[in-house]
Amino acid sequence: MQITRMIVDDRGEELKSKTLITSDENTTGKTTFIRLILYSMGFNIPSTKKINFNKLTTRLFFEKDNKKYQFIRQANKIYLYKSDNLIDKYILPEDEQTILSYYSNISSPMLLDNFLGTWYFDQEEGWNWLSKGKVIGGNRFNLGEFIEGLMDVNNAELRVKIANNRRELRGYNLLKRNLEYRQQIETNFDSNEWNNADKLNAQLRTLELRISSLSKKVKDLENAQKSDEQFILLISEMKLRIKTKNGDEELVTADNICGFSSHRAFFDARLSILKRQLNKLLKEKANIQDKLKKFTKLFNMESQLDRFNETISELKIDKSTIDSIVNKIRKENRELEKKLEKSLDRNDYADKIRKKIIEFTNELGVSDYLDVEGNFVDLNEMKQYSGANLHLLAFATHLAYLYVLQEVEKEKYPIIIDSPFGREVTQENVQLMYNLLEKHFNENQIISASINDISSFTTINKKIVFENSMKESLREMPKLEENIELIHKKKQ
């Protein structure tokens, strides 16, 4: 997979396999251009200070499976083209995962939620986290969820319970700190919720039927996808040959069977939609089950916060009682978190990631700073790392995640690095980083944005020099009609 061209309104530039976007000075638009590439893919990317992305028309061209694609984005609308033919129109943010699944061939919602953090290094946020943190804007990465996606398991019920406990803890702590919480409860609490267990049970039964039906659809589609791939493999292994019109014989392979890649992309996109819907229903089910559990335990001490919501005017509660409840909830959450971590920390995917982190940190000379044998899913973020060490550790861990993801998905994704030189980072450090890329990610497209010319120590086959501003630096391109809907009507 490779991004071949990026156009912003009527200005753009070609991109090659090893592209450097550079300038003699900062504040010339390099970061804006990089972020517009992500914006064009469908990600929720914040605009920069001087440019409102929603007022632009962007066109991103990329090649995948020897086919040419184009994303045209205008505000919250994205149009997907394949070989100049309109495939579909999508609305953001509702269709974000469908768009990303088409681009990446990934169908798992958990993987798509964490996809960006494996290959994009933001100049502000990208070097500040190891196993979880902000990638850019509202996009985040969580290693536990990422491994869950690789395993194709769903711990939604467990995560909802942990989240609910954390929410209760916040409520109790707020109650201890500020008596104004009482007024908040009076304003927001809906007592009808606790007087309608029959309605909750009816909702639960309906959800279970929908979950069962949707699970069957997902399983049937996965089986169909597997059978499709096995059939293609069988045809390839048979070494069949066909005779062309000019008399030449050609070997039949998966690559020259017409329509296979499009068929696979359809499966991936459809699976992504169904799994996202299933995940949403499972979370709704867990929430209803939690409400029913609270209803039956309304008068137990563990439900004291709910009693407070129900009988605000009569309840008498003191600090020692709250402390007792908080301790019980914390104990329960520690046990739930250990259960979740145990399921994610020791499996084939976690082991592969762990080995790659060790390998990459060794090559970067920072292996002594990171213990991946302990709580692997929740590394001790940033507290004991700083400067160049954190920079190199972040680079190694993120690329370890990408390496395993590519191995699973059998795809090579573009790697985008904004400002590889950070605080206290030397040229020797950055050279080690790019040596690692050339050794382990040589087939990936690498797009770098840096004020430093890195071509002296790594391969660069396209250099884009920005001067003054992004718009002035990009080349003039044919302008798209302002109302893209008119284009489709004319073609029809």
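Coordinates for the structure precede this section.
Parameters and conventions
Residues numbered from 1 in each chain as written. Predicted model: local features only at pLDDT ≥ 70, side-chain atom pairs only at ≥ 80, totals over all residues. Heavy atoms only, no water. Helix = DSSP H or I, 4+ residues; strand = E, 2+ residues; numbered from the N terminus. Buried < 20%, exposed > 50% of the residue type's maximum accessible area, 1.4 Å probe, protein only. Contact = heavy atoms within 4.5 Å. Areas by Shrake-Rupley, 256 points an atom, 1.4 Å probe, with all protein chains shown as cover. Salt bridge = Lys/Arg side-chain N within 4 Å of Asp/Glu carboxyl O. Pairing = 2+ DSSP bridges. Right-handed = clockwise from strand over helix to strand, strands pointing away. Patch = residues over 30% accessible without salt bridge, like charges linked within 9 Å, V, L, I, M, F, W, Y side chains within 5 Å. Lys, Arg positive; Asp, Glu negative; His and termini not counted. Charge placed at Lys NZ, Arg CZ, Asp CG, Glu CD. Phe/Tyr/Trp six-rings, centres within 6.5 Å; stacked < 30°, edge-to-face > 60°. Lys NZ or Arg CZ within 6 Å of the ring centre and 35° of its normal. Expected span 1.5 Å × (residues − 1). Axes fitted to C-alpha atoms, helices over the stretch in contact; angles between N-to-C directions.

Visitor: Just give me the short version of the overall build of the protein chain, but keep the residues and values in it.
Guide: Counting its secondary structure elements, the protein chain contains 16 helices and 16 strands. Here the protein chain, with 492 residues, has 48% of them falling under the buried criterion. Summarising the internal contacts of the protein chain: among those between residues at least 6 apart in sequence, 70% fall at separations of at least 24. As displayed, the protein chain has an accessible area near 25500 Å², and 46% of this comes from carbon and sulfur atoms.

Visitor: Could you give me a rundown of the pattern of salt bridges, with the residues and numbers involved?
Guide: Scanning the model with the defined rule gives 17 salt bridges in all. Two residues, K161 and D290, come together in a salt bridge whose shortest N-O distance is 3.6 Å. Of this pair, K161 sits in helix α6 (residues 156–177) while D290 is found in helix α9 (residues 260–296), placing the two residues 129 residues apart along the sequence. Under the relative-accessibility criterion, D290 is labelled buried at 10%. Here the salt bridges do not stand alone but share partners, grouping R5, E13, E14, K462 and R475 into one network.

Visitor: Requested: an account of the pairing of strand β14 (residues 446–449), with residues and values cited.
Guide: Residues of β14 alternate between two faces, with I446 and S448 on one and I447 and A449 on the opposite face, all of them buried. Two elements, strand β13 (residues 415–418) and β14, share four bridges in a ladder whose sense is parallel. Its bridge partner lying in β14, I415 is registered against I446. Regarding the hand of the β-α-β motif, the stretch spanning β13, helix α14 (residues 427–440) and β14 is right-handed.

Visitor: Let's hear about a positive patch on the surface: which residues, and what values?
Guide: A surface patch of like charges, here positive, comprises R330, K331, R334 and K338. Residue classification places R330 among the partly exposed positions, given a relative accessible area of 38%.

Visitor: Tell me about the packing of aromatic side chains, residues and numbers included.
Guide: This model, assessed by the stated rule, comprises 20 aromatic pairs. Here F33 and F466 contribute two aromatic rings whose centre-to-centre distance is 5.8 Å and whose plane-to-plane angle is 65°, an arrangement assigned as edge-to-face. Of the two residues, F33 is situated in helix α1 (residues 30–41) and F466 in the loop between β15 (462–465) and α15 (470–473); the sequence distance between them amounts to 433 residues. For F33, a relative accessible area of 0% gives the class buried. Taken together, the aromatic side chains of F62, Y69, F71, Y102 and Y103 make up a single cluster linked through ring pairs. Here the guanidinium or amino end of K64 rests over the ring plane of Y69, the centre of that ring lying 5.4 Å away.

Visitor: If you had to explain helix α13 (residues 387–409) to someone new, which residues and values would you point to?
Guide: In a regular helix each residue adds 1.5 Å, so 23 residues correspond to 33 Å; α13 covers 33 Å between its end C-alpha atoms and thus fits that length. In terms of residue burial, α13 counts as a mostly covered element, since 19 of its 23 residues are buried. Once α13 finishes, K410 follows within two positions and takes phi at roughly 55°, a positive value.

Visitor: Mind laying out the pairing of strand β10 (residues 139–142), listing which residues take part and the relevant values?
Guide: Where burial is concerned, the two faces of β10 differ: the one with N139 and F141 is buried and the one with R140 and N142 is not. Bridge count between strand β9 (residues 132–136) and β10: four bridges; the pairing is antiparallel. Bridged to K134 within β10 is R140. Taken together, β9 and the strand that follows it, β10, pair antiparallel across an intervening segment of two residues, in which G137 is found at a positive phi of about 55°.

Visitor: Give a detailed account of unusual backbone geometry, specifying residues and quantitative values.
Guide: Cis peptide bonds are those with omega within 30 degrees of zero, and the linkage from L92 to P93 qualifies with 5°. Within the fold, P93 resides in the loop between β7 (85–91) and α2 (96–104). Look at D65: it is not a glycine, yet its phi comes out positive at around 55°. Here D65 shows up in the loop between β4 (57–64) and β5 (67–74). On the basis of relative accessibility, which here comes to 34%, the residue D65 falls in the partly exposed class. For K410, which is not glycine, the phi dihedral falls at a positive 55°. Residue position: K410 is located in the loop between α13 and β13.

Visitor: I'd like a description of the sheet that holds β4, backed by residues and values.
Guide: Pairing within the open sheet is antiparallel, and its seven strands lie in the order β7-β6-β5-β4-β1-β2-β16. With partners counted over all chains shown, the strands left at the sheet margins are β7 and β16 (475–476), one partner each. Taken together, the six bridges between strand β6 (residues 77–82) and β7 define a ladder with antiparallel strand orientation. Paired with I78 across the strands is Y90, a residue of β7. Strand contacts of α2: β1 (2–8), β4, β5, β6 and β7, with the helix running at about 140° to β7, the strand carrying the most contacts.

Visitor: Hey, could you go over α1 for me, with residue numbers and the actual values?
Guide: Given a rise of 1.5 Å per residue, twelve residues ought to cover 16 Å, and the 18 Å separating the end C-alpha atoms of α1 matches this to within 8%. Every buried residue belonging to α1 is among K30, T31, T32, F33, I34, R35, L36, I37, L38, Y39, S40 and M41, and all of these are buried. Once α1 finishes, G42 follows within two positions and takes phi at roughly 115°, a positive value.

Visitor: Give a detailed account of the sheet that holds β13, specifying residues and quantitative values.
Guide: Taken together, the five strands give an open sheet; going across it, the order is β8-β13-β14-β3-β15, and neighbouring strands pair in parallel fashion. Whereas interior strands pair on both sides, the edge strands pair on one side only; in this sheet they are β8 (120–121) and β15. The pairing of strand β3 (residues 18–22) with β15 spans four bridges and is classified as parallel. Bridging across to β15, L20 finds its partner in K463.

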